[in-house]
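Examination of the molecular architecture
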Amino acid sequence: MADHTHIMVDLETLGTAAGCTILSIGAVAFNPLSGMIGGNFYCNVDRASCEAIGLKTNPATVAWWAQQSVEARAALEANPYPIDVALDAFSYFYRDNDGTHLWGHGGNFDAPVLESAFIAAGMDLPWKYSAARCTRTIYELAGVAPDRMKGVHHNALDDAINQAAAVIAAYGVLKPAMVAKEAAHG
Ligand SMILES: [Mg+2]
């Protein structure tokens, strides 16, 4: 088994709900217990290839992108791949790391948006349905937040790395409580 089986995925999109167009996929493998961060993944996605399989572009999100940083927008332009190629590459990354957990920033965002793209493309999900985890819940419980000043906010890979670091910090806060609870029940 690989050392970093938790996968943080971050999507940049043209919508805020399942079924929306994906512009980029960033991911990083990590181990929240050891605190180690492993390999990473980044792929830009061709918008037309998403729309061709029925994914929807939300004009409000297109307008929102126009307000974001030049750096974040520029990162989306390089080498876009057709959505099926991008999903296949992400599947390879997930399996190559023996993925056991798929983290996203919000239970209603990255995992369901990515899942809807796999379904629209007629492809199998690489993760088990029970693998999905939500960063917002653990951040709230632990009282931590991702550092958005590192790298470029809304760059999918920078976001994924910063979110993974914050999950590691959250485990650091919550682990003593978990260990104490186990000891009390032991
Ligand atoms: Mg992001």
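Reference entry: report on the structure contained in this document. (Residues numbered from 1 in each chain as written. Predicted model: local features only at pLDDT ≥ 70, side-chain atom pairs only at ≥ 80, totals over all residues. Heavy atoms only, no water.)

Description of the overall build of the protein chain
From N to C terminus, the protein chain includes 7 helices and 5 strands. For the protein chain, the succession of helices and strands along the chain, N to C, is β-β-β-α-α-α-α-β-α-β-α-α. For the protein chain, the spread of C-alpha atoms along the three principal axes comes to 55 × 35 × 25 Å. Residues counted as buried form 44% of the 186 residues belonging to the protein chain. Residue pairs at least 24 apart in sequence account for 73% of intrachain contacts in the protein chain once pairs closer than 6 positions are excluded. Element-wise, carbon and sulfur atoms account for 56% of the exposed surface of the protein chain, whose accessible area totals about 9300 Å². In the protein chain, 11 positive and 19 negative side-chain charges are present, and the distance between their average locations comes to 7 Å. (Helix = DSSP H or I, 4+ residues; strand = E, 2+ residues; numbered from the N terminus. Buried < 20%, exposed > 50% of the residue type's maximum accessible area, 1.4 Å probe, protein only. Contact = heavy atoms within 4.5 Å. Areas by Shrake-Rupley, 256 points an atom, 1.4 Å probe, with all protein chains shown as cover. Lys, Arg positive; Asp, Glu negative; His and termini not counted. Charge placed at Lys NZ, Arg CZ, Asp CG, Glu CD.)

Comments concerning the environment of S116
Among the structural elements, S116 can be located in helix α5 (residues 110-120). Sequence spacing of S116 and C20 is 96 residues, and the spatial spacing of their C-alpha atoms is 8.1 Å. Non-local contacts of S116, meaning those with residues more than four positions away in its chain, are made with A18, G19 and L55.

Focus on the pattern of salt bridges
Summed over the entire model, instances satisfying the criterion amount to 2 salt bridges. Of the charged contacts in the structure, one is a salt bridge between R47 and E51, with a shortest N-O distance of 3.0 Å. Linking R47 with E51, this pair stays in helix α1 (residues 47-52), spanning 4 residues, or about one helical turn. What makes E51 partly exposed here is its relative accessible area of 33%. (Salt bridge = Lys/Arg side-chain N within 4 Å of Asp/Glu carboxyl O.)

So far we have only geometry, and geometry alone does not tell us how the molecule works.
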